[in-house]
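# Results of the structural survey
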Amino acid sequence: MKISFVGTGYVGLVTGAIFADYGYKVHCIDVNEQRIKELNEGKIPFFEPGLEALVKKNVASKNLHFTTDYATAVPDSQAVFICVGTPPLSNGEVDLSQLTSAVEMTAKHLKGYTVIAIKSTVPIGVEVMLGEIIKKHVKQGATYEFASVPEFLSEGTALENTLHPDRLVFGVTSKKAADVLLGIHKHISGERIVTDLRSAQMIKYASNTFLAMKISYANAVANIAERAGANARDVLYGMGLDKRIGHAFFKYGVGFGGSCFPKDVQAFYDVALKNGYDFTLAKATYDTNLQQVTLFLDKIRAAVGGSVENKTIGILGLSFKPDTDDIREAPALRIMKQLVEEGAKLHAYDPVAIPKVQLVPFVHESSQIHFADDAYGVMKDADAMLLVTEWNEFKELDFKKIKQLMKKPVIVDGRSIFDAQALKEMGFSYAQFGNGSKS
Ligand code: UDX
């Protein structure tokens, strides 16, 4: 069986490599020639645990091929999975340019019957517009059907999420298309849901917005607990024991980032508005998330005596979450930008994300930002240390050593990973979200 993937980002590359490992002939197509060249040499364009070994193994066994040429991949494929980026435009709408170009190129090379399965997160009903594009380019004799097969993988655990998803969603227009997709996915565990295209597209938006809302709810509870003299850690733990609520995606801190949650919440809000519904819950989810960074900055200023100007601030963790080098919509970048504007000198460290952060224009242009080789490197002569992303290695720091290195023993913990009591006993000034209890 031959299948193709268009787009070699997290979704296309991970899913393609996994299907190749099950013995399918997989072609991954990308317009980026440099990326294809590197992938053929076994170089992965981003950090994802386990992916490099899987790609190398399947390139060696000749099940996994990388190409820029649709003609070598599409004609004999049973299904073409579209996995290109659908980033937000500056007006908040979804940029569909990669999607339309991928569908146009695919259309030109269709042969026989092919399922065009869209894995990218797309606005509900996009198949109408895509159908018009296909009709213009498809050759006589070729037939196709669109399907929606949304991806639910999280960066850092992408292989596990793809191999053992909670559910597989197939949005289709016929039993024939459903059978093709069910057949291709026969090795993957998880409950199958076969539905129509729009319902499948909506499962993705509604799930991500719900999870983001759950995080914003946890953040709001933490902010209230802090002000009302309660302890958010205990409040959320107590709530989560109710099986209807649960503990997952219920951690408070500087807020969510990444390539999905911020854009999907915004896009779902737009979908609702276009359909005549004012989805205030989605807007509040987004605004609450932005507010967490503002509140974190307030805590930083308060911790250093009111102003960060000419202060040296150490920052631990720059990626949007641990176990990835992805910095898209990372809270750390917004925090750094604001601190630089207010005249602070920054020493930053992240286990893997530094090369990507160095390419960000405001970072590249600033003489106030320096990077350290390890966590202790950011502490030297610092007036305060910030914890922004909770990498595991930060949970085992030697605070005696840190106290000696810092100019002032001040910690602002954006993810509440440190032991507040122990640090206070060691003489640190320690600030975090959510702890208003006096005990
Ligand atoms: C997410 C969804 O989980 C996935 O299903 C979807 O397909 C793509 O978007 P991802 O962006 O990789 O995946 O990250 P995820 O692990 O979900 O974390 C999102 C953000 O929420 C991170 O910034 C994380 O720090 C934050 N978060 C998560 C919290 O602040 N609190 C939590 O309790 C959980």
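Structure: above.
Residues numbered from 1 in each chain as written. Predicted model: local features only at pLDDT ≥ 70, side-chain atom pairs only at ≥ 80, totals over all residues. Heavy atoms only, no water.

### Quick look at the overall build of the chain
Keep this limit in mind: Elements are defined by DSSP. Helices are runs of H or I of four residues or more, strands are runs of E of two residues or more, and each kind is numbered from the N terminus. Each radius of gyration is computed over the set of C-alpha atoms, and the globule rule expresses the reference value as 2.2 Å times the number of residues to the power 0.38. Using a 1.4 Å probe on the protein chains alone, a residue whose accessible area is under 20% of its type maximum counts as buried, one over 50% counts as exposed, and one in between counts as partly exposed. Whether two residues are in contact is decided by their heavy atoms, any of which lying within 4.5 Å being enough. Computed with the Shrake-Rupley method and a 1.4 Å probe, the accessible areas treat only the protein chains shown as cover for residues. The charge count treats Lys and Arg as positive and Asp and Glu as negative. His and the chain ends do not count. Taken as the charge centre is NZ of Lys, CZ of Arg, CG of Asp or CD of Glu, depending on the residue.
A tally of helices and strands in the chain yields 17 helices and 14 strands. Computed over C-alpha atoms, the radius of gyration of the chain comes to 24 Å, within 12% of the 22 Å expected from 2.2 N^0.38 for 439 residues, which places it in the range of a compact globule. A buried classification covers 53% of the 439 residues belonging to the chain. A separation of at least 24 residues holds for 74% of the contacts in the chain among residues at least 6 apart in sequence. Per element, the accessible surface of the chain, about 19,700 Å² overall, is 54% carbon and sulfur. Put simply, the chain has 49 plus and 50 minus side-chain charges, and the middle of one group is 2 Å from the middle of the other.

### Digging into the sheet that holds strand 14 (residues 429-432)
The cut-off we apply is this: Note on pairing: DSSP must find at least two bridges between two strands before they are called paired. Axis definition: a line fit to C-alpha positions, over the contact stretch in the case of helices; interaxial angles, taken between N-to-C directions, run 0 to 180 degrees.
Reading across from one edge, 11-10-9-12-13-14 is the order of the 6 strands in this open sheet, with parallel pairing throughout. In this open sheet, the two edge strands, each paired with only one partner strand, are strand 11 (369-371) and strand 14. Strand-to-strand twist across the sheet, computed as the mean angle between neighbouring axes with direction ignored, equals 20°. Bridge count for strand 12 (residues 384-387) against strand 13 (residues 410-413) is 3 bridges, and the pairing is parallel. What sits directly across from Leu387, in strand 13, is Asp413. In this fold helix 13 (residues 331-341) packs onto strand 9 (312-316), strand 10 (345-349), strand 11 and strand 12, with an angle of close to 160° to the strand it touches most, strand 10.

### Focus on the site of the ligand
We apply this condition: Definition of nearness: a residue and a molecule or strand are near each other if at least one heavy atom of the residue lies within 4 Å of the molecule or strand. Whenever a nitrogen or oxygen atom comes within 3.5 Å of another N or O atom, the pair is scored as a polar contact, on the condition that within protein one atom can donate a hydrogen and the other can accept it, and that pairs from neighbouring residues in sequence are kept only if both atoms are in side chains. Think of it as three bins: nonpolar holds Ala, Val, Leu, Ile, Met, Phe, Trp, Tyr, Cys and Pro, charged holds Asp, Glu, Lys and Arg, and polar takes everything else, Gly as well.
Surveying the vicinity of the ligand reveals 19 residues, the closest of which are Glu155, Lys204, Lys251, Gly257 and Lys321. Lys251 has a polar backbone atom sitting 2.7 Å from an oxygen atom of the ligand. Within the backbone of Phe320, a nitrogen or oxygen atom sits 3.0 Å from an oxygen atom of the ligand. Protein chains shield 91% of the accessible area of the ligand, which is 680 Å² for the free molecule. Looking at the shell around the ligand residue by residue, the class counts come to 9 nonpolar, 4 polar and 6 charged.

### Looking at the pattern of salt bridges
Opposite charge on two side chains lets them pair, provided their charged atoms get close. Here is the rule: For this analysis, a salt bridge means a side-chain nitrogen from Lys or Arg found within 4 Å of a carboxyl oxygen belonging to Asp or Glu.
Evaluation of the coordinates by the stated rule reveals 26 salt bridges. Glu52 serves as the salt-bridge partner of Lys56, at 2.9 Å between the closest nitrogen and oxygen. Of this pair, Lys56 and Glu52 are both found in helix 3 (residues 51-60), 4 residues apart, which corresponds to roughly one turn of the helix. Its relative accessible area of 42% is what places Lys56 among the partly exposed residues.

### Considering unusual backbone geometry
In this structure, Glu329 takes a positive phi of about 55° despite not being glycine. Looking at where Glu329 falls in the secondary structure, it is placed in the loop between strand 9 and helix 13. Even without being glycine, Ser416 reaches a positive phi, approximately 50°. Here Ser416 shows up in the loop between strand 13 and helix 17 (420-425).

### What to know about the pairing of strand 5 (residues 113-118)
Within strand 5, 5 of the 6 residues are buried, which leaves the element mostly enclosed by the surrounding structure. Pairing between strand 4 (residues 79-82) and strand 5: 4 bridges, direction parallel. Bridge pairing in strand 5 links Val80 to Ile116.

### Regarding the environment of Ala177
Tracing the chain through its elements places Ala177 in helix 8 (residues 175-184). Sequence separation between Ala177 and Gly190 is 13 residues; the distance between their C-alpha atoms is 19 Å. In contact with Ala177, other than residues within four places in its own chain, are Tyr113, Val115, Glu145 and Val172.

### Some remarks on the packing of helix 9 (residues 197-228) against helix 12 (residues 280-303)
We count it as follows: If an angle is under 35 degrees, it is roughly parallel; if it is over 145, roughly antiparallel; if it lies from 65 to 115, roughly perpendicular; otherwise it is oblique. Each crossing gets its hand from how the near helix is turned against the far one by less than a right angle, where anticlockwise is left-handed and clockwise is right-handed.
Contact geometry for helix 9 and helix 12: axes closest at 9 Å, N-to-C directions at 45°. It follows that helix 9 is oblique to helix 12 by the angle criterion. For helix 9 against helix 12, the interelement crossing comes out left-handed. Counting all contacts with helix 9, which are made through Thr209, Ala212, Met213, Ser216, Asn219, Asn223, Glu226 and Arg227, the residues of helix 12 involved are Leu281, Ala282, Thr285, Thr288, Asn289, Gln291, Gln292, Leu295 and Lys299.

### Considering the packing of aromatic side chains
For the record, the criterion: When the centres of two rings from Phe, Tyr and Trp lie within 6.5 Å, Trp using its six-membered ring, the rings pair. Their planes under 30 degrees apart give stacked, over 60 give edge-to-face, and anything left gives tilted.
Inspection of the entire model under this criterion finds 15 aromatic pairs. Geometrically, the ring pair formed by Phe5 and Phe19 is stacked, given 6.1 Å between the ring centres and 25° between the ring planes. With a gap of 14 residues between them, Phe5 in strand 1 (residues 2-6) and Phe19 in helix 1 (residues 10-21) connect regions that are remote in the sequence. Given the relative accessible area of 2%, Phe19 is considered buried. Note on Tyr205 and Phe268: the rings are 5.9 Å apart at their centroids and 10° apart in plane angle, and the pair reads as stacked.

The quantities given are spatial measurements derived from coordinates; they are silent on function.
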